[in-house]
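Report on the structure
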Amino acid sequence: MSVMKTAKLSADLKMLTGTEQWFRHPLSSNFLYTDGVKFFAEHCGGGAYWFLDILATELADLQEKEEFMSITLDVFDDDSAKITADDGNGNVLWTRNIDFTDAEVGTWKFFLTNNVLLLPSEY
């Protein structure tokens, strides 16, 4: 995974504002995501729909208690990753370690609010 690809993906994501369509996740009828999140899932390395699967299935109960969450996907040089959900003020609510991913190395941020996952630039 190249630094150049990571930088390009990061720049592309920052240009995505708003959304024209919400996508319903097939594993959870209450989990929606935006055009920007779909772009990320399609263009992050070999694809990152696995990331959406995890959020849709493992954060549903937490979303009922927490109206807003900041989600961070940290992808490391050794192809491992960590997903963290916090309350937006740095108070960690949930984490999940990933042993292997082909996603682009970097720190990727998202917001989950009212059952919709979106990029910070789409908020």
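This text gives an overview of the structure that appears in the document. None of these values were measured; they are calculated from a predicted model.

**Examining helix α2 (residues 35-43)**
Buried within α2 we find G36, V37, F40 and A41. Within α2, the buried residues cover an arc of 140° as seen down the axis, which keeps them to one side. Of the residues flanking the end of α2, it is G45, one or two places downstream, whose phi is positive at about 65°.

**Focus on the sheet that holds strand β2 (residues 32-34)**
Taken in spatial order, the seven strands line up as β1-β2-β7-β6-β3-β4-β5 in an open sheet, and their pairing is mixed. Two strands in the sheet have a free side with no partner beyond their single neighbour: β1 (22-24) and β5 (92-98). On average, each strand axis in the sheet is inclined to that of its neighbour by 25°, with strand direction left out of account. Examined bridge by bridge, β1 and β2 share three bridges and lie antiparallel to one another.

**Looking at the pairing of strand β3 (residues 68-75)**
Along β3, seven of the eight residues are buried, which leaves the element largely enclosed by surrounding structure. The pairing of β3 with strand β4 (residues 81-86) spans six bridges and is antiparallel. When the sheet's bridge partners are listed, V75 is paired in β4 with A81. Here β3 hands over to β4 after five residues, with D79 in that stretch at a positive phi of 70°.

**With respect to the packing of aromatic side chains**
According to the stated counting rule, one finds eight aromatic pairs in the structure shown. Their ring planes at 75° and their centres at 6.1 Å tell us that W50 and F51 sit as a pair that is edge-to-face. Judged by its relative accessible area of 22%, W50 falls in the partly exposed class. With centroids separated by 5.1 Å and ring planes inclined at 50°, the aromatic side chains of F68 and F111 adopt a geometry described as tilted. Taken together, the positions of F68 in strand β3 and F111 in strand β6 (residues 106-113) put the pair 43 residues apart, joining distant regions of the chain. You can call F68 partly exposed: its relative accessible area is 23%. Given a relative accessible area of 18%, F111 falls into the buried group. Ring pairs connect the aromatic residues F40, W50, F51, W108 and F110, which therefore count as one cluster.

**Quick word on the pattern of salt bridges**
Should their charged atoms come close, side chains of opposite charge can pair. Within the structure shown, the criterion is met by two salt bridges. Linking E42 and K38 is a salt bridge whose minimum nitrogen-to-oxygen distance equals 2.6 Å. Of this pair, E42 and K38 both sit in helix α2, separated by four residues, roughly a single helical turn. Owing to a relative accessible area of 39%, E42 belongs among the partly exposed residues under this scheme. As a salt-bridge pair, E58 and R96 come within 2.5 Å of each other at their nearest N and O atoms. Residue E58 is found in helix α3 (residues 49-58), and its partner R96 is found in strand β5; the two are separated by 38 residues along the sequence.

Reading the values: rules and limits
Residues numbered from 1 in each chain as written. Predicted model: local features only at pLDDT ≥ 70, side-chain atom pairs only at ≥ 80, totals over all residues. Heavy atoms only, no water. Buried < 20%, exposed > 50% of the residue type's maximum accessible area, 1.4 Å probe, protein only. Helix = DSSP H or I, 4+ residues; strand = E, 2+ residues; numbered from the N terminus. Arc of directions from axis to C-beta. Pairing = 2+ DSSP bridges. Axes fitted to C-alpha atoms, helices over the stretch in contact; angles between N-to-C directions. Phe/Tyr/Trp six-rings, centres within 6.5 Å; stacked < 30°, edge-to-face > 60°. Salt bridge = Lys/Arg side-chain N within 4 Å of Asp/Glu carboxyl O.

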